[in-house]
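Structure assessment
Listed below, chain by chain, are the residues.
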Amino acid sequence: MHNVVLIPGDGIGKEITKSVTKILDTAGAKINWIECKAGEGANDELGTPLPEETIAAVKEHRIALKGPLTTPVGAGFRSINVALRQQFNLYSNIRPARSLPNIDSAYQGVDLVLFRENTQGLYIGKEHWVDKEETHAESIAVVTRDASEKIITAAFEYAKKRGRKKITLVHKANILKLTTGLFLEIGKEIAQNYPEIEFEDLIVDNMAMQMVMRPQQFDVIVTTNLFGDILSDLASGLVGGLGVTGAANIGDDAAMFEAVHGSAPDISGKGLANPTALLFSALMMLEYLGEDRLAEKIRSAIYTVLQEHKNECTQDIGGEGNTESYTEAICKLLRD
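Calculation criteria
- Residues numbered from 1 in each chain as written.
- Predicted model: local features only at pLDDT ≥ 70, side-chain atom pairs only at ≥ 80, totals over all residues.
- Heavy atoms only, no water.
- 1 Å grid on protein atoms, 1.4 Å probe; cavity = no way out; pocket = protein on both sides within 12 Å on 5 of 7 lines; lining within 4 Å.
- Points joined across faces, edges and corners; volume = space filled by probe spheres on them.
- Helix = DSSP H or I, 4+ residues; strand = E, 2+ residues; numbered from the N terminus.
- Nonpolar A, V, L, I, M, F, W, Y, C, P; charged D, E, K, R; others polar.
- Axes fitted to C-alpha atoms, helices over the stretch in contact; angles between N-to-C directions.
- Parallel < 35°, antiparallel > 145°, perpendicular 65-115°, else oblique.
- Contact = heavy atoms within 4.5 Å.
- Salt bridge = Lys/Arg side-chain N within 4 Å of Asp/Glu carboxyl O.
- Buried < 20%, exposed > 50% of the residue type's maximum accessible area, 1.4 Å probe, protein only.
- Lys, Arg positive; Asp, Glu negative; His and termini not counted.
- Polar contact = N/O pair within 3.5 Å; in protein donor to acceptor, adjacent residues only side chain to side chain.

**Some details on the layout of surface pockets**
Remark: the empty space left among the atoms is shown by a probe the size of a water molecule rolled over them. The space that makes up the largest pocket amounts to roughly 760 Å³. I94, Y158, R162, M284 and E287 are the residues nearest the centre of the largest pocket, which is lined by 32 residues in total. The set of elements that each furnish at least two residues to the lining of the largest pocket consists of β4 (92-98), β5 (111-117), α5 (145-162), β11 (247-250), α9 (276-288) and α10 (292-308). Partitioning the lining of the largest pocket into residue classes produces 18 nonpolar, 4 polar and 10 charged. Here the second largest pocket is characterised by a volume of approximately 300 Å³. Around the second largest pocket, the lining comprises 19 residues; the ones closest to its centre are N81, R85, R116, D229 and V260. Contributing elements (two or more residues each) for the lining of the second largest pocket: α4 (80-87), β4 and α8 (225-239). Taken together, the residues that form the lining of the second largest pocket break down as 7 nonpolar, 6 polar and 6 charged.

Here it is as structure tokens:
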């Protein structure tokens, strides 16, 4: 039995986490869900968007599944998601993007995984005003050897374990010679330890163009924080959007799996929410827990529903159903 902290979150969070836990339970996942609060709802109820009880639970169990959160204005956090990643040093943000059956998108045959360094770059928030009049602002991007080695090694180890053939390192070393130059230098060093995996590097602007022209050429991508933030959303757009792609944040001894789309308060409670993104995140969680066969069993059921039971899918992916009908269609296949 695995103890997993469950953070439903805000807006549609409660609906999609209910769907995902039902599917996993139906499939026979041996998980003890420990529900905790975070986000705008927690702030309204407890006076903080990130309660100490939630932090303590993640510290104890070292794994969490999290729905979308809304960071309240003036809450003391730029982002609760970033705060959680930094709190537990979840340095690897892993975002797969794979073409799905019967999902309307501009491309087919896409199967890539993007590794984004999660703790440094511009996201550390080192900003200041240069002048008293506040007409000149500066922001500092931090790149260190230690953090770069961790994320690049994680990408190579993932490729090795999963039978992936190529790593593409994305940088801007032609201009940012010290920061992304260091990242590129370390990537070349680490690549020598994995001669069986092809290694290439691309400048970020060229990378964006290549992803739009022929995304099928990419396998595993690794890059710094800001570039990864942008390119991972671009990758999701190649296969249908944020509503159909999962995400993981993994460190040396803790992990958090999440839906990266918004909390969509405008459709909350209407039964329209699509749980697919959080469901794929949960499958990444099962793989992290060593439950690969169970993850594949559920993935097969999702693909079958998308292919053969489209009417029962939610409307955002071309169906005529709702959250409940989509969930039940997957559960029925798992039971049968």
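**Points about the packing of helix α7 (residues 204-213) against α8**
Closest axis-to-axis distance for the α7/α8 pair is 10 Å, and the angle between their directions is 10°. As the angle between them shows, α7 and α8 are arranged roughly parallel. Residue-level inspection shows V204, M207, A208, M211 and V212 of α7 in contact with α8, the latter providing F227, L231, L234, A235 and L238. Taken together, the residues that form the contact of α7 with α8 break down as 10 nonpolar, no polar and no charged.

**Topic: the pattern of salt bridges**
By the definition in use, this model includes 22 salt bridges. Of the charged contacts in the structure, one is a salt bridge between R85 and E258, with a shortest N-O distance of 2.9 Å. Placement of the pair is R85 in helix α4 and E258 in strand β12 (residues 255-258), with a sequence separation of 173 residues. The same class applies to R85 as to E258, namely buried.

**Topic: the environment of A329**
Along the chain, A329 falls in helix α11 (residues 323-335). With relative accessibility at 7%, the residue A329 sits in the buried group. Between the C-alpha atom of A329 and that of A235, which follows or precedes it by 94 residues, the distance is 28 Å. Residues contacting A329, with those up to four places away along its chain left out, are V305 and E312.

**With respect to the side chain of E117**
Checked against the element boundaries, E117 lands in strand β5. R116 provides the closest opposite charge to the buried, salt-bridge-free E117, at an N-O distance of 7.5 Å. At a separation of 2.7 Å, a polar atom in the side chain of E117 contacts the side chain of T119. Setting aside residues up to four positions removed in sequence, E117 forms contacts with Y91, A147, I151, T223, T224 and N225.

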